[in-house]
Amino acid sequence: QTALELANRLESHAKVRRVFYPGLASHPDAELARRIFMRGFGAMITFDVGGRAQADHLIRALREIPFAPSLGDVQTTLSHPTSTSHRGQDPAALERLGITPGLVRLSVGLEDANDLWNDLGQALHALGS
């Protein structure tokens, strides 16, 4: 529930270029996800803030959500694929797959959605224009 709420908020934020979350109507497999995931859409959100500089800035601006090279915990964490899990991959192949330098992955934990949004919101605001 928290992940879906954050995905909706991220999708409507001016600093976010694209959000990948199966619970969003904009997801290419949204209809399939609704049929398969009867108890919710999971805790993993991926979103693109533009480029590597923006992703780095967002990560440094977060106050409550720690950066983690791997995801999946009761605490919300954030990862940057092109500098961690996919750092050795061919840049052209990553681009074809939509894994851009601005892409970050958010693994949503058990915290309150408003607390998480407050941290994400201030970090997105810190990206400037």
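Before reading further, recall that the structure is shown in the block above.
Every value quoted in this text rests on a predicted model; they were computed, and no experiment measured them. For every chain, the first residue of its written sequence is number 1, and the numbers climb from 1 along that sequence. For a predicted model such as this one, the threshold for reporting local features is a pLDDT of at least 70, and the threshold for listing and counting side-chain atom pairs is 80 or more; totals across whole chains, interfaces and linings nevertheless cover every residue. The side-chain values count all of the structure's non-hydrogen atoms but skip hydrogen atoms and water molecules.

Draft legend 1. Expanded view of the packing of aromatic side chains. Stacked, tilted and edge-to-face are the three classes applied to pairs of Phe, Tyr and Trp rings, where Trp contributes its six-membered ring and a pair requires centres within 6.5 Å; stacked means planes under 30 degrees apart, edge-to-face means over 60, and tilted covers the rest. One pass over the structure, following the stated rule, counts two aromatic pairs. Ring geometry for Tyr21 against Phe41: centres 6.3 Å apart, planes inclined by 75 degrees, an arrangement best described as edge-to-face. Of this pair, Tyr21 sits in the loop between β1 (18–20) and α2 (30–36) while Phe41 sits in the loop between α2 and β2 (44–48); the two residues are 20 residues apart in sequence, bridging distant segments of the chain. Throughout, exposure labels follow a simple rule: accessible area from a 1.4 Å probe, protein chains only, divided by the maximum for the residue type, with under 20% read as buried, over 50% as exposed, and the rest as partly exposed. Among the residues examined, Tyr21 registers a relative accessible area of 2% and is labelled buried. Here the aromatic rings of Phe37 and Phe41 are separated by 6.5 Å at their centres, their planes lie at 85 degrees, and the arrangement is edge-to-face. Given the relative accessible area of 38%, Phe37 is considered partly exposed. Connected via pairs of aromatic rings, a cluster forms that spans Tyr21, Phe37 and Phe41. Strands are runs of DSSP state E lasting at least 2 residues, helices are runs of H or I lasting at least 4, and numbering of each runs from the N terminus.

Draft legend 2. Local environment of the nonpolar core. Among buried residues, those of type Ala, Val, Leu, Ile, Met, Phe, Trp, Tyr and Cys that are joined through side-chain atoms within 4.5 Å constitute a nonpolar core. Ranked by internal contacts, the top residues of the largest apolar core, which has 29 residues, are Val19, Ile45, Phe47 and Leu106. When contributions to this core are tallied by element, the ones reaching two or more residues are α1 (2–11), β2, α3 (52–61), β4 (103–107) and α5 (113–125). Top contributing element to this core by residue count: α5, with five residues. Not counting residues up to four positions away in its chain, the partners in contact with Leu106 are Leu6, Ala43, Met44, Ile45, Phe47, Ile65, Thr76, Thr77, Leu78 and Leu120. Residues are treated as being in contact if the distance between any of their heavy atoms lies within 4.5 Å.

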